[in-house]
Amino acid sequence: MGRHRAKLRGMFQTTINREAFVEGVGLHTGVHGRVRLLPAPPDTGVVFRRVDLDNFPIEAHGHNVARVSYATSLMKQGVLLSTTEHLLAAIYSCGIDNIFIDVDNIEIPILDGSAEPFMRLLDQCGVRRLRRKRRYLKVLQPLEVIEGDRRVGIYPADEFRVRCYVDFRHPLVGQQKVEIAVGEDTFRHLLSRARTFCFERDITPLREMGLIRGGSLENAIVLTENGVMNGPLRFPDEFGRHKALDLIGDLALVGMPLLARVEAHKAGHSLHTQLVSRLLADPSLWTITTAGQASLDQELSTPAQIAAISQSPAAAD
Ligand SMILES: [Zn+2]
């Protein structure tokens, strides 16, 4: 039954069932914002609307990516919306294809610094299946973006997987590697609770740059030289998990579900969004298909086939 339902959800587009609302302060601007999620018709995609600017729409799509440093911002015709990645990670992982996100300010609230409050919000909304086939972007050729020792790459695969590697010189961080097959359950249990983090030594420089005006010990893990200012951590590798969450939120800007494996090595929002832009700019690298992860479910009919998949290189280590 659960598998049958998952299959149906994979084949058809979805939206949310009912509205829900959340509010809070923006991490970087410090402004108070209200976010309302609303159902949307088939083929709408994920669309932010600035209700303070006559419902000006900003599609969650790679062609609207603005400057990106410590958070991902969207900009369209000069209208900006900041820090979209945690909300988009939740929406994308839950397989919501069509949704309006009404916002009354310039930044999505940071809440507790993780995607968990957005998962609770989506739980309030529920999911509704629409009578329109879902379309997937299936990657056919690899693409990599490299800057020094930082890189992110996307590779052909039959399901959406991410692998994220971080390396920070800090006794609580060091090298952390996180890999998941992205879906609602895996995202909820493994990634959604992982919070934003920053280093205490960076707070003053960031403030001087006009950033993290809304930052506090309630919405970000603050790392001191040797420890953490506001523990306990939710996971020993909360940092790596949060990076994977950010990566998924940025990949959501592809604008449709992905059939691809993505690997990020010491990357960040800038590399993630460059990957999305370059991928979208080169249609020879991908195809659009309505046969998505649902077809994988159907193909995996025998235990031998399932074992073969679980031993594939992508699933190992
Ligand atoms: Zn983040």
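Rules used throughout
- Residues numbered from 1 in each chain as written.
- Predicted model: local features only at pLDDT ≥ 70, side-chain atom pairs only at ≥ 80, totals over all residues.
- Heavy atoms only, no water.
- Axes fitted to C-alpha atoms, helices over the stretch in contact; angles between N-to-C directions.
- Helix = DSSP H or I, 4+ residues; strand = E, 2+ residues; numbered from the N terminus.
- Contact = heavy atoms within 4.5 Å.
- Nonpolar A, V, L, I, M, F, W, Y, C, P; charged D, E, K, R; others polar.
- Pairing = 2+ DSSP bridges.
- Donors = N, O, S within 2.8 Å, 3.2 Å for Na, K, Ca; no water.
- Tetrahedral: all angles 85-135°; square planar, octahedral: opposite > 155°, others 65-115°.
- Buried < 20%, exposed > 50% of the residue type's maximum accessible area, 1.4 Å probe, protein only.
- Parallel < 35°, antiparallel > 145°, perpendicular 65-115°, else oblique.
- Left-handed = near helix turned anticlockwise from the far one by under 90°.

Draft legend 1. Geometry of the packing of helix α4 (residues 184–191) against helix α6 (residues 238–251). Closest axis-to-axis distance for the α4/α6 pair is 10 Å, and the angle between their directions is 145°. Along its contact with α4, which presents F187, L190 and L191, the element α6 presents R241, A244, L245 and I248. Residues belonging to the contact of α4 with α6 are distributed by class as follows: six nonpolar, no polar and one charged.

Draft legend 2. Looking closely at the pairing of strand β11 (residues 136–139). Inspection of the sheet shows β11 paired to strand β19 (residues 286–289) by four bridges, in the antiparallel sense. Within β19, the residue paired with K138 across the bridge is T287. Across two bridges, β11 lies against strand β18 (residues 258–265) in parallel orientation. Bridging across to β18, L137 finds its partner in L258.

Draft legend 3. Region of interest: the coordination of the zinc ion. Each protein donor to the zinc ion is listed here as H86 (NE2), H242 (NE2), D246 (OD) and D246 (OD); together their distances run 2.1 to 2.7 Å. Around the zinc ion sit four donor atoms, and with donor-metal-donor angles ranging over 52 to 149° the site reads as irregular. Site description for the zinc ion: donor spacing in sequence, H-x155-H-x3-D. Of the two residues, H242 and D246 are both situated in helix α6; the distance of four residues between them amounts to about one turn of the helix. Each member of the pair, H242 as well as D246, is classed as buried.

Draft legend 4. Just the packing of helix α2 (residues 85–93) against helix α3 (residues 116–125), in detail. The N-to-C vectors of α2 and α3 enclose an angle of 45°; their axes lie 9 Å apart at closest approach. On the basis of the axis angle, α2 is oblique to α3. Crossing handedness for the pair α2 and α3: right-handed. Contacts from H86, L87, A90 and I91 in α2 reach F118, M119 and L122 in α3. Classifying every residue of the contact of α2 with α3 by side-chain character gives six nonpolar, one polar and no charged.

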